[in-house]
Amino acid sequence: MFIEHNPHSFLTGDYPFLLMVPVDASAGRFEAEIVFELHHEGVIGLPHGGVAMGLCLDAWRRFGHPLYPVDVSFKFGGSGISIGEKVSFAVERDPADNGMNLVARITKTGDKRPYLRAEIRPAGIIAEKGLVLPPPAGEPRKLPYYRNCFVCGHHRAVVGLQRRFRIHAYNGSTVITTPWGPDTDDVDRAQLFLIGKRELHPAVIISIFDENTGWAGFMATKGAGLTVRMEFTLLRPVGDSEKLLFVSRPAGIKGNPRSPRFFIAEGTVLSMIDPGNPEPVAYGRGEWIIMDQYTEQIKKNLLPVDDWEWIFWDN
């Protein structure tokens, strides 16, 4: 079979977090129908982009090629997807690269352009070092969170990643961080988000990276947005008990500086096995389209209540 079943995957295994109904499984292609549900939510009413990107990475690992390290190009488009809408998920060999690389697409019923297209290929030139957190000035400040978001939700009916992001001031700019694995709650939580018996699912890594890096651009522009592009490199598998630090910073805008249309941000995922010598395990750079409706949604729905005003204060 083109794609093998992986019983250990939290996303698509024996007890799937995301239900799929296969409609085609041939020697060179796999297709299934999916409905994103409330426990896949990011901003209110929409599935988290990390879940969709993580599904593409899940298919890559089930296919088995290419091997680590890999470069992944994600591009979002189409008319968008809301919670409850049916989509098609298709994975096939890329004929332009001898059939060993993968192209994955998530397309809403009725759309011609995919909601998400992912190209997964062997990594090119590997960066010698990632973005290492500089010594921050003072203590970080915790950022607010959503009620039900897959990544930052703290009051979900279904288990989630339950991250709390932090902002550090540095040289007139900002750095956003969040740890994974420093306490026993994370150690226990990791066992619910595996892809192998002792391996953390890459959907966890891309989901936290997407939100951590999105916060970096948001804090620079004060405008919330949706991911439109992501270039992401995965260097190696991550162990289930491995401590990680996600580090991101703003990297520019597109459009009028007073009212930018897009923001750009970049970041690295660091293994903290040796805190004195953090090891990059993934890094990337993304672009987000700023949308006023989501900035207003943040103001009305982030928790703790009334703990978002300071974000919009003029420095």
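This write-up is about the structure you can find in this document. (Residues numbered from 1 in each chain as written. Predicted model: local features only at pLDDT ≥ 70, side-chain atom pairs only at ≥ 80, totals over all residues. Heavy atoms only, no water.)

Quick notes on the pattern of salt bridges
Step number 1: Taken as a whole and judged by the stated rule, the model has 19 salt bridges.
Step number 2: As a salt-bridge pair, Lys86 and Glu33 come within 3.8 Å of each other at their nearest N and O atoms. Taken together, the residues Lys86 in strand β4 (residues 86–93) and Glu33 in strand β2 (residues 29–35) connect sequence positions 53 residues apart.
Step number 3: For Glu33, a relative accessible area of 34% puts it in the partly exposed group.
Step number 4: Among the ionic pairs, Glu279 bridges to Arg236, the shortest N-O distance being 3.0 Å. (Salt bridge = Lys/Arg side-chain N within 4 Å of Asp/Glu carboxyl O. Helix = DSSP H or I, 4+ residues; strand = E, 2+ residues; numbered from the N terminus. Buried < 20%, exposed > 50% of the residue type's maximum accessible area, 1.4 Å probe, protein only.)

Some points on the layout of surface pockets
Step number 1: Empty space within the largest pocket amounts to approximately 840 Å³.
Step number 2: Lining the largest pocket are 37 residues, with Val43, Leu46, Gly225, Leu226 and Thr227 positioned closest to its centre.
Step number 3: Elements supplying a minimum of two residues to the lining of the largest pocket: α3 (202–221), β12 (225–234), β15 (279–290) and α4 (292–301).
Step number 4: When residues of the lining of the largest pocket are assigned to their parent elements, the largest contribution, five residues, is made by α3.
Step number 5: Within the lining of the largest pocket, the residues separate by chemical class into 23 nonpolar, 11 polar and three charged. (1 Å grid on protein atoms, 1.4 Å probe; cavity = no way out; pocket = protein on both sides within 12 Å on 5 of 7 lines; lining within 4 Å. Points joined across faces, edges and corners; volume = space filled by probe spheres on them. Nonpolar A, V, L, I, M, F, W, Y, C, P; charged D, E, K, R; others polar.)

Overview of the environment of Ala220
Step number 1: Considering the arrangement of structural elements, one finds Ala220 in helix α3.
Step number 2: Sequence-wise, Ala220 and Glu139 are 81 residues apart; in three dimensions their C-alpha atoms are separated by 19 Å.

A short note on empty space enclosed by the protein
Step number 1: According to the stated counting rule, one finds one cavity of 30 Å³ or more in the structure shown.
Step number 2: Reported here for the largest cavity is a volume of approximately 30 Å³.
Step number 3: Lining the largest cavity we find Trp180, Gly181, Asp186, Val187, Ala190, Asp240, Ser241 and Glu242.
Step number 4: With three residues, helix α2 (residues 184–190) is the largest single contributor of residues to the lining of the largest cavity.

What to know about the environment of Gly78
Step number 1: Tracing the sequence through the fold places Gly78 in the loop between β3 (70–76) and β4.
Step number 2: Note: C-alpha distance between Gly78 and Lys108 (30 residues apart in sequence) is 7.9 Å.
Step number 3: Those residues in contact with Gly78, other than ones at most four positions away along the chain, are Asp111, Arg113 and Pro114. (Contact = heavy atoms within 4.5 Å.)

Geometric descriptors of this kind do not, in isolation, establish any biological role.
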